[in-house]
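A look at the structure
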Amino acid sequence: MKSGCEAVVLETGLGGRLDSTNIIDNPLCSIITPVSYDHTAVLGDTIEKIAYEKSGIIKPGCPVVAAPQEYSDTLPVIRRVCAEKGCGLCEVNRDDIRLIHQDIFGSDIIYKNINIHIPLSGTYQPLNAATAVEAIMYQHDFNITSENIAEGIATVKFPARFEIISKNPPLILDGGHNPAAFKVIADSMKKFAPVFDMIIGMTAEKDYSTSIELLAPMCRNITVTSAINSRTPALTPETLANVCRKYCKNVKVAPNHEALSDIVRDRDIPLLVCGSLYLAAELRPLLLKWSK
């Protein structure tokens, strides 16, 4: 390639079967991350239909790695597609991950006899790391050692995925925007910061009612703002605030993003900013500036 890359990781934009990344017809490995309900109008209204669409990235004879799945109906679909296309399938087993230490700033695990430090926050990151390790182990042509794997994961960065913008008290930014994402955010908040304030903005096509129900009951205060997106309509802050009020007494609407600056600067407990990758992109530079 012109950029000189030896290997490229391509993430599908939507689903898999009809995604533009299928222009790559002979990938080194296909990776199926946890399948959940999202984009149901396009991918289907059952987990089996969605899993089938996701499995569209599986190519004949190509090895496949499947992350641990939340829904029991997912893996049978992936197994069937792999069998039809003659693909070897590695199913990551969460019980093979030995958790040594975990806090809001990262995790230390042992997986496949490799001591791994994961600098990313979130209780789900060991599963992600194990999935990445399995995919790397398929790549025999690159002479990647266990030391290389540990070093690579130890230096990884992932903006807007349970990202700790500042520490005292923690300011956390996450672009999660559907119930599956909100569930793993909620699991991490329960473990690391069970009471917190939240700034949230979402787009109208997402299942915001189910998502809010997972996080809002833990919040002391919620501030609702807009998530601007040129492709899909933003959910009005007033509509989102009314949903939040079902679970939290202290809910207000910010007239604009600049109105959030005092909340960020004057926080006295952990603050979570979430609801949309569009919102994360808009606010991240401001959060970095306000939290200095």
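Going by the structure above, here's the rest.
Here we summarise the structure given alongside this text.

Basis of the calculations
- Residues numbered from 1 in each chain as written.
- Predicted model: local features only at pLDDT ≥ 70, side-chain atom pairs only at ≥ 80, totals over all residues.
- Heavy atoms only, no water.
- Pairing = 2+ DSSP bridges.
- Helix = DSSP H or I, 4+ residues; strand = E, 2+ residues; numbered from the N terminus.
- Salt bridge = Lys/Arg side-chain N within 4 Å of Asp/Glu carboxyl O.
- Buried < 20%, exposed > 50% of the residue type's maximum accessible area, 1.4 Å probe, protein only.

**Looking at the pairing of strand 5 (residues 106-111)**
In terms of strand pairing, strand 4 (residues 98-103) meets strand 5 through five bridges, oriented antiparallel. Bridge pairing links D103 to G106 in strand 5. The antiparallel pairing of strand 4 with strand 5 creates a hairpin that spans two residues between the two strands. Once strand 5 ends, the chain turns through two residues before running back antiparallel as strand 6 (residues 114-118), passing K112 with a positive phi of about 55°.

**Points about the pattern of salt bridges**
The tally for this structure, following the rule as stated, stands at 10 salt bridges. Notably, a salt bridge pairs E53 with R17, separated by 3.1 Å at the nearest N-O pair. A residue pair is termed long-range when its members are at least 10 positions apart, and E53 in helix 2 (residues 47-54) and R17 in the segment before strand 1 (30-32) qualify at 36 residues. The exposure class assigned to E53 is buried, which follows from its relative accessible area of 11%. Under the relative-accessibility criterion, R17 is labelled partly exposed at 39%. D187 serves as the salt-bridge partner of K183, at 3.3 Å between the closest nitrogen and oxygen. Of this pair, K183 and D187 both sit in helix 6 (residues 179-192), separated by four residues, roughly a single helical turn. Through salt bridges with shared partners, a single ionic network connects D197, R220 and D268.

**A short note on unusual backbone geometry**
Look at the link from N168 to P169: it is a cis peptide, with omega at -15°. Within the secondary structure, P169 is located in the loop between strand 7 (163-166) and strand 8 (171-173). One non-glycine residue, N113, adopts positive backbone phi at about 65°. Mapped onto the secondary structure, N113 falls in the loop between strand 5 and strand 6. Despite not being glycine, F162 has its phi angle at roughly 45°, a positive value. Here F162 lies in the loop between helix 5 (146-154) and strand 7. On the basis of relative accessible area, F162 is assigned to the buried category, the value being 1%.

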